[in-house]
Amino acid sequence: MRRMSQLERLVEPVLWYFRIFVIIPVIFSLLSTFALFILGSHEILQGLGVQFSNYGDSTIYVKTLGYIITGIDLYLIGIILLLFALGIYELFISKIDAGLSRDTNTDISLMQSQSLDKLKDKLLKTIVMALVVTFFKQLISFKVKTPLDLLLLAASILIIAISTYLMYRVSSEAHH
């Protein structure tokens, strides 16, 4: 029994401080977020540039919309990485003190994730939104050639709507 106590005193502090290594994915997630925000902004600016440089071209709206949707998609993926970085930091390292309101000393945390499951739930919702945006980007250039194409398009939109509804329904039931 005494030997176990000595082992615990040696191992537990090492385990506790080992959690600091979580800072590595936090840093790289933040760097990736910054890079994706820059790329997203570049895509949107490129879309606006195409819009103004080729005014009057009949395909310009599709091209512009494609650039803008790609920019939004990059922003969403950056937000996923930001949520991941904030959540992992708060779960394993420390509450973010900058999230405390100075006047009322109340927590205005963006994450408020007390568990890894809640963090995964938030990340999943954001990932699904990014996938939906990507799907709609593909629809811009989709050409309906047969009635089957139209039926499959309608079915895919219905599946997205139902799955999004179910995801939010399950999520709201889990929180109550």
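Look above for the structure.
In this numbering scheme, every chain counts its residues from 1 along its sequence in written order. Local features in this predicted model are restricted to residues of pLDDT 70 or higher, and side-chain atom pairs are both shown and tallied only at a pLDDT of 80 or more, whereas totals for entire chains, interfaces and linings draw on every residue. Values reported for side chains reflect all heavy atoms of the structure, with hydrogen atoms and water molecules removed beforehand.

K.L.:
What exactly am I supposed to notice about the overall build of the protein chain here?
P.N.:
On a plain count of helices and strands, the protein chain comes out with five helices and zero strands. When the helices and strands of the protein chain are read in sequence order from the N terminus, they spell out α-α-α-α-α. Residue exposure (1.4 Å probe, protein chains only): buried if accessible area is under 20% of the type maximum, exposed if over 50%, otherwise partly exposed. The 176 residues of the protein chain split such that 28% are buried. In the protein chain, the share of contacts with a sequence separation of at least 24, taken over all contacts with a separation of at least 6, comes to 66%. Accessible surface, the protein chain as shown: approximately 12500 Å² in total, 71% of it carbon and sulfur. To qualify as a helix, a DSSP run of H or I must reach at least 4 residues; to qualify as a strand, a run of E must reach at least 2; elements of each kind are numbered from the N terminus. Two residues qualify as a contact provided that any one of their heavy atoms is within 4.5 Å of a heavy atom in the partner residue. Here, Shrake-Rupley sampling with a 1.4 Å probe gives the accessible areas, and only protein chains in the shown set may cover a residue.

K.L.:
Is there a simple way to think about a nonpolar patch on the surface in this case?
P.N.:
Only residues whose relative accessible area exceeds 30% and that take part in no salt bridge are eligible for patches, with like-charged residues grouped when within 9 Å of each other and nonpolar side chains (Val, Leu, Ile, Met, Phe, Trp, Tyr) grouped when within 5 Å. What counts as a salt bridge is simple: a side-chain nitrogen of Lys or Arg found within 4 Å of a carboxyl oxygen of Asp or Glu. Together, Phe-18, Phe-21, Ile-24, Ile-27, Phe-28 and Leu-31 give the surface a local cluster of nonpolar side chains, amounting to about 640 Å² of exposed area. Broken down by element, the residue count for the nonpolar patch peaks at four residues, all from helix 2 (residues 23–53).

K.L.:
Could you clarify how one ought to interpret the packing of helix 3 (residues 60–92) against helix 4 (residues 116–140) in this entry?
P.N.:
When two helices pack together, their arrangement is given by the angle between the helix axes and by the axis-to-axis distance. Closest axis-to-axis distance for the helix 3/helix 4 pair is 9 Å, and the angle between their directions is 170°. The angle between helix 3 and helix 4 places the two elements in the roughly antiparallel class. Throughout this entry, Asp, Glu, Lys and Arg are counted as charged residues, while Ala, Val, Leu, Ile, Met, Phe, Trp, Tyr, Cys and Pro are counted as nonpolar. The remaining residues, Gly among them, count as polar. Partitioning the contact of helix 3 with helix 4 into residue classes produces 20 nonpolar, five polar and two charged. Lines fitted to the C-alpha atoms define the axes, with helices restricted to the stretch that makes contact. Angles between their N-to-C directions range from 0 to 180 degrees. Roughly parallel means an angle under 35 degrees; roughly antiparallel, over 145; roughly perpendicular, 65 to 115; everything else is oblique.

K.L.:
Would you explain the packing of aromatic side chains in this entry?
P.N.:
Each aromatic ring pair is summarised here by two numbers: the centre-to-centre distance and the angle between the ring planes. By convention, a stacked pair of Phe, Tyr or Trp rings (six-membered ring in the case of Trp) has centres within 6.5 Å and planes under 30 degrees apart, an edge-to-face pair has planes over 60 apart, and any other such pair is tilted. A complete count under the given rule lists three aromatic pairs for this structure. Consider the rings of Phe-18 and Phe-21, whose centres lie 4.7 Å apart with planes at 55°: the pair is tilted. One exposure class covers both Phe-18 and Phe-21, and it is exposed. Judged by centre distance (5.4 Å) and plane angle (70°), the rings of Phe-135 and Phe-136 are edge-to-face.

K.L.:
Help me understand the packing of helix 2 against helix 3, please; the structure alone is not making it clear to me.
P.N.:
Taken N-terminus to C-terminus, the directions of helix 2 and helix 3 make an angle of 165°; their axes are 8 Å apart at the nearest point. Taken together, helix 2 and helix 3 sit at an angle that is classed as roughly antiparallel. The two elements helix 2 and helix 3 meet at a crossing, and its hand is left-handed. Looking at side-chain class alone, the contact of helix 2 with helix 3 contains 24 nonpolar, 12 polar and two charged residues. Helix crossings fall into two classes, left-handed where the near helix is turned counterclockwise from the far one by less than a right angle and right-handed where it is turned clockwise.

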